[in-house]
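# Coordinates in review
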Amino acid sequence: MNPEKIQSDIDALLTYMNDDLENLGETIKAVYFEFNKNESDRVAIDEKLDWPEEHLFKIINICNSRGLLTKNFRDFSQIKLTEEGQSRAISVKHGKDRSYELGASMQISTLNVNAPSQIGNGNTQNIKTIFNQLIQDIDNSQASTEEKGEAKNRLAKFLEHPLVNSIVGGVAGSLTGLI
C-alpha cells in the first residue's frame, strides 16, 4: 500500500475520532470507540470513509502500534484516542489551508542555526520533538543535578500555564509527561 495513502488514512481516522470527541464535549479518557460490525462508530466511519473492513482494521492496527490510539481488546471494540493521536488530529485539522494566516513574504538577513530547525512558509512544526530535544539537551548539559531539575521544573510550570496550554493545545498535557 502507498505510504502517502496510509498517512492520509491515519489522519482521516484520527480526525474523525477527535471531531466526535469535540462534538460530544468529552475527553480522550472518557470515550471509547466501537469499530466492530454494526456498532455506531463503525456505521458512521463506513458512511464517512467507505473503506473495506480489512483496510479500516489495518489503519487501526497501525495507529495502535504507533501509540496514536489504544486497543483494549484483540477485537476492535473499546478503542481510545491517545494524546498523541489527538494532537496529530488537531494538527491535521488546523495545519491545512491556513495560508491566509501567513505573511506574504519574509526576508532574513542573517540566520545562524546551531540545532535542528525548520524554516519555510506553511510548515507545520512538531512541538513534541522540540521539547524532547530540549529535555535531552538539559540532561546532557554539564549543569549540576539540581540545576537540571530546576530547569525541567520551570519548563513544566511553563507548559502548565493556561495561556501556553491554550496556544499549544492538546500537546501541552503530553509534554509535561516527558519531563
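To be clear, the structure that these remarks concern was listed above.
Just so we're clear, the structure is a prediction, and the values are computed from it rather than from any experiment. (Residues numbered from 1 in each chain as written. Predicted model: local features only at pLDDT ≥ 70, side-chain atom pairs only at ≥ 80, totals over all residues. Heavy atoms only, no water.)

Within the protein chain, the regular secondary structure consists of eight helices and two strands. When the helices and strands of the protein chain are listed from N to C terminus, the series reads α-α-α-β-β-α-α-α-α-α. For the protein chain, the proportion of its 179 residues judged to be buried stands at 30%. Carbon and sulfur atoms form 49% of the exposed surface of the protein chain, whose accessible area is close to 11,800 Å². (Helix = DSSP H or I, 4+ residues; strand = E, 2+ residues; numbered from the N terminus. Buried < 20%, exposed > 50% of the residue type's maximum accessible area, 1.4 Å probe, protein only. Areas by Shrake-Rupley, 256 points an atom, 1.4 Å probe, with all protein chains shown as cover.)

Let us look at the nonpolar core. For soluble globular proteins, the rule of thumb is that nonpolar side chains tend to be buried together. The biggest cluster of nonpolar side chains holds 25 residues, and the ones touching the most others in it are Leu13, Met17, Phe35 and Ile60. Elements with a contribution of two residues or more to this core: helix H1 (3-24), helix H3 (53-65) and strand S2 (79-81). Here this core gets seven residues from one element, more than from any other, and that element is H1. The residues contacting phenylalanine 35, other than those within four sequence positions of it, are Leu13, Tyr16, Met17, Asp41, Arg42, Ile45, Leu56, Phe57, Ile60, Phe76 and Ile79. By size, the runner-up hydrophobic cluster in this structure holds five residues, among which are Phe131, Leu155, Leu159 and Val164. (Core = buried A, V, L, I, M, F, W, Y, C linked by side-chain atoms within 4.5 Å. Contact = heavy atoms within 4.5 Å.)

What follows deals with the environment of leucine 21. Among the secondary structure elements, leucine 21 is positioned in helix H1. Residue leucine 21 is classed as buried on the basis of its relative accessible area of 1%. Spatially, the C-alpha atom of leucine 21 lies 9.9 Å from that of phenylalanine 33, the residues being twelve residues apart in sequence. Setting aside its immediate chain neighbours within four residues, leucine 21 contacts Glu26, Thr27, Ile28, Val31, Phe33, Leu81 and Gln86.

Okay, the packing of H1 against helix H4 (residues 83-95) next. To characterise two packed helices, one gives the angle between the axes of the helices and the distance between these axes. Taken N-terminus to C-terminus, the directions of H1 and H4 make an angle of 100°; their axes are 8 Å apart at the nearest point. For the element pair H1 / H4, the angle class is roughly perpendicular. Of the residues in H4, those touching H1 at Gln7, Ile10, Asp11, Leu14, Thr15, Asn18, Asp19, Leu21 and Glu22 are Gly85, Gln86, Arg88, Ala89, Ile90, Val92 and Lys93. Residue composition of the contact of H1 with H4, by class: six nonpolar, five polar and five charged. (Axes fitted to C-alpha atoms, helices over the stretch in contact; angles between N-to-C directions. Parallel < 35°, antiparallel > 145°, perpendicular 65-115°, else oblique. Nonpolar A, V, L, I, M, F, W, Y, C, P; charged D, E, K, R; others polar.)

This next bit is on the packing of H1 against helix H2 (residues 40-49). Axis separation between H1 and H2 bottoms out at 12 Å; the angle between their running directions is 125°. Taken together, the axes of H1 and H2 lie oblique to each other. The hand of the H1/H2 crossing is right-handed. Facing Ala12, Leu13, Tyr16 and Asp20 of H1, the residues of H2 in contact are Asp41, Ala44, Ile45, Lys48 and Leu49. Its residues placed into classes, the contact of H1 with H2 shows six nonpolar, no polar and three charged. (Left-handed = near helix turned anticlockwise from the far one by under 90°.)

Along the chain, glutamate 26 falls in the loop between H1 and H2. Glutamate 26 sits in the partly exposed class, given a relative accessible area of 41%. Excluding residues within four positions of it along the chain, glutamate 26 makes contact with Leu21 and Val31.

Turning our eyes to something else, we now look at the packing of aromatic side chains. Applying the stated criterion across every chain yields a total of three aromatic pairs. The interplanar angle of 5° and the centroid separation of 6.2 Å between the aromatic rings of phenylalanine 33 and phenylalanine 35 together place this pair among those described as stacked. The class of phenylalanine 33 is buried, set by a relative accessible area of 0%. Note on phenylalanine 35: relative accessible area 0%, which makes it buried. Centroid distance phenylalanine 57 to phenylalanine 76: 3.7 Å. Interplanar angle 5°. Geometry classified as stacked. In this pair, phenylalanine 57 is assigned in helix H3 and phenylalanine 76 in the loop between strand S1 (69-71) and S2, connecting sequence segments 19 residues apart. Given a relative accessible area of 15%, phenylalanine 57 falls into the buried group. Judged by its relative accessible area of 10%, phenylalanine 76 falls in the buried class. Taken together, Tyr16, Phe33 and Phe35 form an aromatic cluster joined through their ring pairs. (Phe/Tyr/Trp six-rings, centres within 6.5 Å; stacked < 30°, edge-to-face > 60°.)

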